[in-house]
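Chain by chain, the residues run as shown.
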Amino acid sequence: MKQDIEINTADGVAKASIFHPDNGATAERGIIFYMDAMGPRSSLYGMAQRLADSGYTVLLPDLFYRFGAYGPFDGTAFSDPASRETIMTMLRGTTQEMTKRDSAAFLDTLAAAGAKGPVGTVGYCMGGGRALTAAATCADRIAAAASFHGGNLASDAEDSPHHLAADIKARVYIGVAGVDNSFPPEQSARLAEALRIGGVDHVIENYVGMAHGWTVPDHGVYDETGAERHWKRLLTLLDETLS
């Protein structure tokens, strides 16, 4: 059951959607779903509803809200030069610092929707780093953080999420595409070292044969077998940490 809402943040008003189980049950366990670079759309709504139907209240915010109206895009948008340039402009302009500023507002929105206690975060592509940054920023409120085909999780940038590892109290799961130029092996090793030194309970798993974006149904590289494996891992993480 999807409900469209607006969230007052430090930087403006963010459009978002709240998802509740379709069976009408009250889900007190909350999840923030961090979008990929194509933005909120039917494909992500379906994923968020699947999470909700597993017993969660799920918040899917539009991380590009500072840019006003855009799109709509889907998983094929990067094949169009004009769409790609628009998306990359918004992606470059949506910093990890903005994620930090948004986190409390997103968590408060979940609480107002009925989610009580610790929260989980999950992000895809650009959202993967946001899920980790949020977990570090609001460490006392976020108990689980997952990233799937997340890019630049341990880059040379000053705001790379791996620099925040010592602040994370959540259990962390990183699902890595077998071949992914946005998260090459050297970044994976750097992230693993940072999480281990930071004392973070974590798993980094390589999905051999999967390409960047394999979990999202409208993406050209979507792989059903790999996507179902990701669901199994994600739901196990959330069940074990948020119960």
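These numbers come from a predicted model, not from an experiment. (Residues numbered from 1 in each chain as written. Predicted model: local features only at pLDDT ≥ 70, side-chain atom pairs only at ≥ 80, totals over all residues. Heavy atoms only, no water.)

Novice: Sorry if this is basic, but what is going on with the pattern of salt bridges here?
Specialist: Side chains bearing opposite charge may pair, as long as their charged atoms lie close to each other. The full count for this structure, using the stated rule, is 18 salt bridges. For the salt bridge of Asp 36 with Arg 41, the shortest nitrogen-to-oxygen distance reads 2.8 Å. The buried category is assigned to Asp 36, whose relative accessible area is 1%. Residue Arg 41 is classed as buried on the basis of its relative accessible area, which comes to 7%. In this structure, a network of salt bridges that share partners links the residues Asp 11, Arg 66, Arg 101 and Asp 102. (Salt bridge = Lys/Arg side-chain N within 4 Å of Asp/Glu carboxyl O. Buried < 20%, exposed > 50% of the residue type's maximum accessible area, 1.4 Å probe, protein only.)

Novice: Is there a simple way to explain helix 6 (residues 224–242) in this structure?
Specialist: For an α-helix, the turn length of 3.6 residues means that residues three or four places apart are oriented alike. Across its 19 residues, helix 6 extends 26 Å between first and last C-alpha, which sits within 8% of the 27 Å expected from 1.5 Å per residue. Along helix 6, the positions that sit buried rather than exposed are Gly 226, Ala 227, His 230, Trp 231, Leu 234, Leu 237, Leu 238, Thr 241 and Leu 242. Projected down its long axis, helix 6 shows its buried positions confined to an angular sector of 140°, all on one face. Turned more than 90 degrees away from the buried face of helix 6 sit Thr 225 and Lys 232, all of them exposed. Along its buried surface, helix 6 packs onto strand 3 (30–34), helix 1 (42–53), strand 5 (119–124), strand 6 (142–148), strand 7 (171–179) and strand 8 (202–211). (Helix = DSSP H or I, 4+ residues; strand = E, 2+ residues; numbered from the N terminus. Expected span 1.5 Å × (residues − 1). Arc of directions from axis to C-beta. Contact = heavy atoms within 4.5 Å.)

Novice: Please clarify how the sheet that holds strand 5 should be interpreted in this entry.
Specialist: To summarise the sheet geometry, strands pair through backbone hydrogen bonds and adopt either a parallel or an antiparallel arrangement. Spatially, 8 strands are ordered 1-2-4-3-5-6-7-8 in an open sheet, and the strand pairing comes out mixed. On the outer flanks of this sheet lie strand 1 (2–9) and strand 8, each paired with one strand and no other. In this sheet, neighbouring strand axes are inclined to one another by 20° on average, regardless of whether the strands run parallel or antiparallel. In this fold helix 3 (residues 96–112) packs onto strand 1, strand 2 (12–19), strand 3, strand 4 (57–61), strand 5 and strand 6, with an angle of close to 140° to the strand it touches most, strand 3. (Pairing = 2+ DSSP bridges. Axes fitted to C-alpha atoms, helices over the stretch in contact; angles between N-to-C directions.)

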